[in-house]
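So the chains spell out like this:
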Amino acid sequence: MEYNGGSLAADHLCVLVHGLWGNPNHMKSIAKALRDAYSEDKLYLLVAKRNSGSFTYDGIERGGERVCLEIEEELENIRNKGGKITKLSIVGYSLGGLVARYAVGLLEMRGVLREVEPVNFTTFASPHLGVRTPLRGWHNHLWNVLGARTLSMSGRQLFTIDDFRDTGRPLLAILADPESVFMSGLRRFKRRTLYANVVNDRSAVYYTTCIAKTDPYADKSRIKPNYLKGYEDVILDPSNPVSVLTPKGSGKTFAEITTSSMSYLRNAPLVLALAIFIPFGVAAFLLNSVVQTFRSSRRIQLHESGLAGIQVENYRLPIWIKDIRGTVEDVYENLNTWQGESYLRASDDESDDGNLNKSDTQILALERKKSHPQFPTLALAPCQFTMIEELDKLGWRKYPVWIHNVGHSHAAIIVRSDTPRFKEGLVVLRHFVNEEFLI
């Protein structure tokens, strides 16, 4: 990575963490944007590399331990050469945002965040609430069960079906527990910022990347976007992102019917192609998942036994304050895209909640009462509602991003590869560097 490193004169270290199936090159455009704005004498860059490729299957906590070790090694390396880092910023993309949140907890636990000033914590398209689909019925069961078992430990954690360290709770719930080192560490940062795609993100949808209970962008025909001045057509004004359009009438106009019909015709070849090729893709996806899960389990065994270059006992102290890859990725994203959304409404039959305990039932009952007809509350899991409540207490600067020109906004938001199709992502990076990043 050509933008890695910096001068010993720099006192600010910024760490970049890539996502699932990723590698350090995915962070190249972010690194370049930061380097163009700040010289090597001002800012030292570290692009984390120990979680590259299928290593991201091994679980968020192991990824966090690797990143924490990289940060500590870099700080020591700079110190041994005569430099001194006094400020720390962390940027996470996609799953890297969750890995970064775990690493922050470890840095807090190990006292690192008391030795440096935590400044910026930023995520781009990170699934803070996991990737469980807000659906009810058999669709929910099928996708959430299938998806959770095809990405090894990381899959179980993203779908919140894991039991973290025998707590009886999923890791993502622990990450958002106000009494954990993870939240304590996150509170120390001077600024917490997130960027969330509102459309066409096939990997991590809006509600989870923006830590939200609703999705105002589910029906784009009902809203008018309000863009942030100077960043028009890409970044929405966080204080007033959309205006609701007044319905013109109960019936559709001829123009609307024509537009809808043309949309179906344009999508027909895609639907046909999916019907033909998805079965082959799913077979490859599942086969690859079996192989990667097996390899991941072996890496986890090495990691846990201390034979992977990390002394895990140093990172397993109490967490409480008190005490075929590209093709496979496409198939996963296409399957995820098929999922629609379901909502909580006051008129819902509470018997649909299934075998929930009393506390979880009360959470859903309260959220039903709060649900508004205009933008109804999504049918999330009780633990996800709790995560939203606790994370929002930290105070996030949330920026909705509307990528228009490509159907793969998850990659475009950080310009994951050097292609003109992702140029709208450059607007996002310009905003991040010029308006959000504190040096």
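Check the entry above for the structure.
Bear in mind the structure is a predicted one, so any value in this text is a computation, not a measurement.

(A) Inspection of the side chain of Arg66 at higher detail. Relative to the elements of secondary structure, Arg66 occurs in helix 2 (residues 60-80). In terms of polar contacts, Arg66 uses its side chain to reach the side chain of Asn51, at 3.0 Å.

(B) Just the pairing of strand 2 (residues 43-47), in detail. Among the five residues of strand 2, five are classified as buried, and the element is accordingly described as predominantly covered. Neither face of strand 2 is left uncovered, since the one carrying Leu43, Leu45 and Val47 and the one carrying Tyr44 and Leu46 both have all their residues buried. Across five bridges, strand 1 (residues 12-17) lies against strand 2 in parallel orientation. Among the inter-strand pairings, Cys14 is bridged to a residue of strand 2, identified as Leu45.

(C) How the structure looks around unusual backbone geometry. Backbone geometry places Trp21, a non-glycine residue, at a positive phi of 60°. Tracing the chain through its elements places Trp21 in the loop between strand 1 and helix 1 (28-37). For Trp21, a relative accessible area of 7% puts it in the buried group. Positioned with a positive phi, Ser94 is a non-glycine residue whose angle comes to about 55°. Turning to its location among the elements, Ser94 is positioned in the loop between strand 3 (87-93) and helix 3 (95-109).

(D) Structural view of the nonpolar core. Leu13, Ile71 and Ile90 are the most contacted members of the largest nonpolar core, which has 70 residues in total. Here the element with the most residues in this core is helix 3; it accounts for ten residues. For Leu13, the contacting residues outside a window of four places in its chain are Tyr44, Leu45, Leu46, Ile71, Leu75, Ile85, Lys87, Leu88 and Ser89. Core analysis: the next-biggest nonpolar cluster, separate from the first, contains 37 residues, Cys14, Leu43, Val47 and Val427 among them.

(E) View of the packing of aromatic side chains. Under the definition given, this model contains twelve aromatic pairs. Ring centres 5.4 Å apart and planes at 20° place the aromatic pair Tyr195 and Tyr399 in the stacked group. Across the pair, Tyr399 and Tyr195 agree in class, each one buried. The interplanar angle of 90° and the centroid separation of 6.4 Å between the aromatic rings of Tyr195 and Phe432 together place this pair among those described as edge-to-face. Each of the two residues, Tyr195 as well as Phe432, counts as buried. One aromatic cluster in this structure is built from Tyr38, Phe124, Tyr195, Tyr399, Phe432 and Phe437.

Analysis parameters
- Residues numbered from 1 in each chain as written.
- Predicted model: local features only at pLDDT ≥ 70, side-chain atom pairs only at ≥ 80, totals over all residues.
- Heavy atoms only, no water.
- Helix = DSSP H or I, 4+ residues; strand = E, 2+ residues; numbered from the N terminus.
- Polar contact = N/O pair within 3.5 Å; in protein donor to acceptor, adjacent residues only side chain to side chain.
- Buried < 20%, exposed > 50% of the residue type's maximum accessible area, 1.4 Å probe, protein only.
- Pairing = 2+ DSSP bridges.
- Core = buried A, V, L, I, M, F, W, Y, C linked by side-chain atoms within 4.5 Å.
- Contact = heavy atoms within 4.5 Å.
- Phe/Tyr/Trp six-rings, centres within 6.5 Å; stacked < 30°, edge-to-face > 60°.

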